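# Architecture at a glance
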Amino acid sequence: MSWQSQPLNKRIVAFDKELIHAGNKGLAIDHEEVAVEVDALMATMTLSQKINQLHGLQPASIDGFYYAGGDEELGLAPYKMVDGPRGARAGMATAFPVAIGRAATFDVELERRVGLAMGLEVAAKGGNVILAPTINLLRHPGWGRAQETYSEDPWHMGAMAVAFISGAQNHVLTSPKHFALNNLEITRFDLSANIDVRSLHEVYLPHFKRSIQEAAAASVMSAYNKMNDVYCGEHPILLTDILRDDWGFTGFVESDWFLGTRSTAAAIDAGMDIEMPSTHWYSEENINEALASGELNEEAIHRNARRVVYQNVAWQIADMEVPDERVVECEEHIALAREVAEKSFVLLKNDKILPLEDTPGLKVALVGDLADTVNLGDRGSSFVTSSEVSTPLSGLQAFIKHASLHYFRSDDDLTRLGEFDICIVVAGLTYVEEGEFIPTQQQEVEEGELARGGDRETFALPDHQRFLIDTVAGVAKKTIVLLEGGSAIQVTDWLDKVDALLMLWYPGREGGHAIANVLFGNCSPSGKLPVSFPRSMDQLMPWDVNSLSVDHSLLHGYRLLDHQDQEPAFPFGFGMSYTTFDLDGLQIERTADHFNVTVSVTNTGTVSGVEIVQLYVSCTDSTVFRVPKELKGFGRAELEAGETADLEMNLGDEDLRYYDPEQNGWVLESCSYDLQLGVSSRDLPLSSGWLFDGVEWQPV
Ligand code: GLC
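Criteria and cut-off values
Residues numbered from 1 in each chain as written. Predicted model: local features only at pLDDT ≥ 70, side-chain atom pairs only at ≥ 80, totals over all residues. Heavy atoms only, no water. Helix = DSSP H or I, 4+ residues; strand = E, 2+ residues; numbered from the N terminus. Buried < 20%, exposed > 50% of the residue type's maximum accessible area, 1.4 Å probe, protein only. Contact = heavy atoms within 4.5 Å. Areas by Shrake-Rupley, 256 points an atom, 1.4 Å probe, with all protein chains shown as cover. Domains from an automatic or database assignment. Buried area = accessible area lost by both parts, 1.4 Å probe. Salt bridge = Lys/Arg side-chain N within 4 Å of Asp/Glu carboxyl O. Phe/Tyr/Trp six-rings, centres within 6.5 Å; stacked < 30°, edge-to-face > 60°.

## Looking at the overall build of the protein chain
- Across its full length, the protein chain carries 17 helices and 28 strands.
- A principal-axis box enclosing the C-alpha atoms of the protein chain has dimensions of 80 × 65 × 50 Å.
- For the protein chain, buried positions account for 65% of its 700 residues.
- Considering only contacts within the protein chain whose residues lie at least 6 apart along the sequence, 76% involve residues at least 24 apart.
- With an accessible surface of roughly 25100 Å², the protein chain has 49% of that area assigned to carbon and sulfur atoms.

## Quick word on the domain arrangement of the protein chain
- Here the protein chain is described as being made up of domain 1 (31-325), domain 2 (344-563) and domain 3 (581-699).
- One C-alpha centre belongs to domain 2, the other to domain 3; they are set 33 Å apart.
- With ten residues of domain 2 at the interface, the matching set in domain 3 holds 17 residues.
- When the two sides are added together, the surface that domain 2 and domain 3 hide from each other amounts to roughly 1100 Å², 56% of it contributed by carbon and sulfur.
- Looking at the side of domain 2 facing domain 3, the largest losses of area belong to Lys528, Tyr558 and Asp562, adding up to 47% of the total buried there.
- Run the count over domain 2 and domain 3 and you get four salt bridges.
- One salt bridge connects Lys528 with Glu611, and the closest N-O pair in it is separated by 2.8 Å.

## Some details on unusual backbone geometry
- That bond from Lys177 to His178 is cis: its omega, 0°, falls within 30 degrees of zero.
- Cis peptide bonds are those with omega within 30 degrees of zero, and the linkage from Leu354 to Pro355 qualifies with 0°.
- Of note, Pro355 is situated in the loop between strand S12 (346-350) and strand S13 (363-367).
- Here Ala216, not a glycine, exhibits a phi torsion of approximately 50°, which is positive.
- Position of Ala216 relative to the elements: it lies in the loop between helix H8 (206-213) and strand S8 (219-222).

## Let's talk about the pattern of salt bridges
- Applying the stated criterion across every chain yields a total of 44 salt bridges.
- Ionic pairing is found between Arg145 and Glu148, a salt bridge with its closest N-O pair at 2.8 Å. The two residues Arg145 and Glu148 agree in class, both being buried.
- A salt bridge links Asp324 to Arg326, with the shortest nitrogen-to-oxygen separation between them at 2.6 Å.
- Using a relative accessible area of 39% as the deciding quantity, one classes Asp324 as partly exposed.
- Among the residues examined, Arg326 registers a relative accessible area of 68% and is labelled exposed.
- Connected through salt bridges with shared partners, the residues Asp107, Glu109, Arg113, Glu339, Lys343, Arg636 and Glu638 form a single ionic network.

## Some remarks on the packing of aromatic side chains
- Throughout the structure, instances matching the rule amount to 19 aromatic pairs.
- Pairing Tyr659 with Trp666 gives two aromatic rings, centres 5.2 Å apart and planes at 85°, and the pair type is edge-to-face.
- By relative accessible area, Tyr659 is classed as buried at 3%.
- What makes Trp666 partly exposed here is its relative accessible area of 27%.
- Ring pairs connect the aromatic residues Phe106, Trp155, Tyr558, Phe572, Tyr616 and Phe634, which therefore count as one cluster.

As structure tokens, then:
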């Protein structure tokens, strides 16, 4: 060691809870004080006033908002709820990249800022509840609403969800949805999601639990489907035993719209508080009938109404300030949408062609109808319209100053493409192929209208998209594919024919500008896959989009691929950069109830970039079945060329437990734990083994 002190490496904390949860009003509620005020108010309420708290006020939205509860006489303002996970679905608003794209950033600080921005825009429009985030686990990439959720992994999902919730709850209440197991779209109103207790707690609920216990989510939306043949909207195990008795949830549960409530007494007793968007089962007439028949008692009505009034008082809905409307689509939010899009793109292939240089003489062809199409995602409840959207074409036209750019529509004469140095083809999916299933709508609709959507029966691109890629690759000197879509897409049938592939997801209103910045190297791509890209559907569990009975287990996504020793096209957590990185210096220190994990990350390349380090844990010699490995942490290191940072992650013992149905609780098993770190689920160069004997931890 030279006599000069070595410069200390930059220190990065992977998940800074204080930063992420700052300003979340749900975490600042004085529950003792609120309880006194609420009980005093409830004591004055008539049965009719309590019943009025239990349903929405009209079937159709008013200016995008759904009203519920409130009572002018009691000084309670109504809840004004609005979708959704992509932005404020009320008039024009900032259309952010879809949630799965934001998840590909693996950047919780950034997702917090997105939550702040969306919450602010909802509040500025007069709303007080954002019906987001969608956090149904991506059990199968063919799910119609894959774009709307964050991940196939519960830990990753939970991290992104609490960041969004804490950001948004600086301004409005959130409503993580759909509780629970809403993983198939076309049969969502009738299917039964069948699941054992262990898989439910270990895989499909942890992110809901974190949303409530860590980020104090103010409400929860229940799911349309059944769980083990009981509708989620009237499931006492979900809505009372788990949500309230086990997790301590003090907020309210609202149903999904119309078919989310299926009864009067059963739903009220189970713990469904608000029937949305308007009343049917919870009408005064139906409730009084249920009371008269003895099916229902007034205590249940009082209990549910109290939860609705509780949040109204706790959040001081009546006194909520309405920010200036000019914050909607303000420059700061537009810049944020562009930053998220840039960080969401996943570079899946790059045969030394990217980044491009905007030099005179460079002849660039941009090909495909999608290049000139506003493609913001599905036309379901999460649809958002912005006053301006940059497409790949408009983004490149605005960026390129010296090279020449020529646009070809899909049906133009593409035989001329051989004259160009670079051919960029924009291909992928639209709202026609995937989206929330709305049976009353058409598959293809006019601009701005809702569409039918549905699940995908195949991963393959539509024939006309594959034909376009094949045609371009057949004549071009160099082919770059920009892929738009909300989930895994089959690429193996054409990947070898192209020189580069960049997954764009649905990149939001700033997508075109972000594409130009990344293609020409203003920033390096840094996204990582939040969903495995299998080689084909055959690598996954059976997938029947018309199924009315769907079995769930511990195995799906990378867990299933690992268990079956299958090599995907691209693994969960994979993504390339314009630079290279090296990980070393793994240090693991044991404290009373967690591991402090530190790893040095060095940018060994020539340009700045970001590496996302992932921590997986395998339990070897366990006495119960275990999936081969599980993600239990990640951190993001933004580094200049040559720079090194020490990335710190905290791995809590609670994240190492498995759920034992016999004990109906969590167990930290005495066995060996292998902590593995790397840059994708299939690239984990560093590891550290530990043995837990029930009391002590020993490195092995
Ligand atoms: C839909 C969706 C839900 C949405 C609600 C209101 O059916 O399932 O996510 O928030 O209706 O639009």
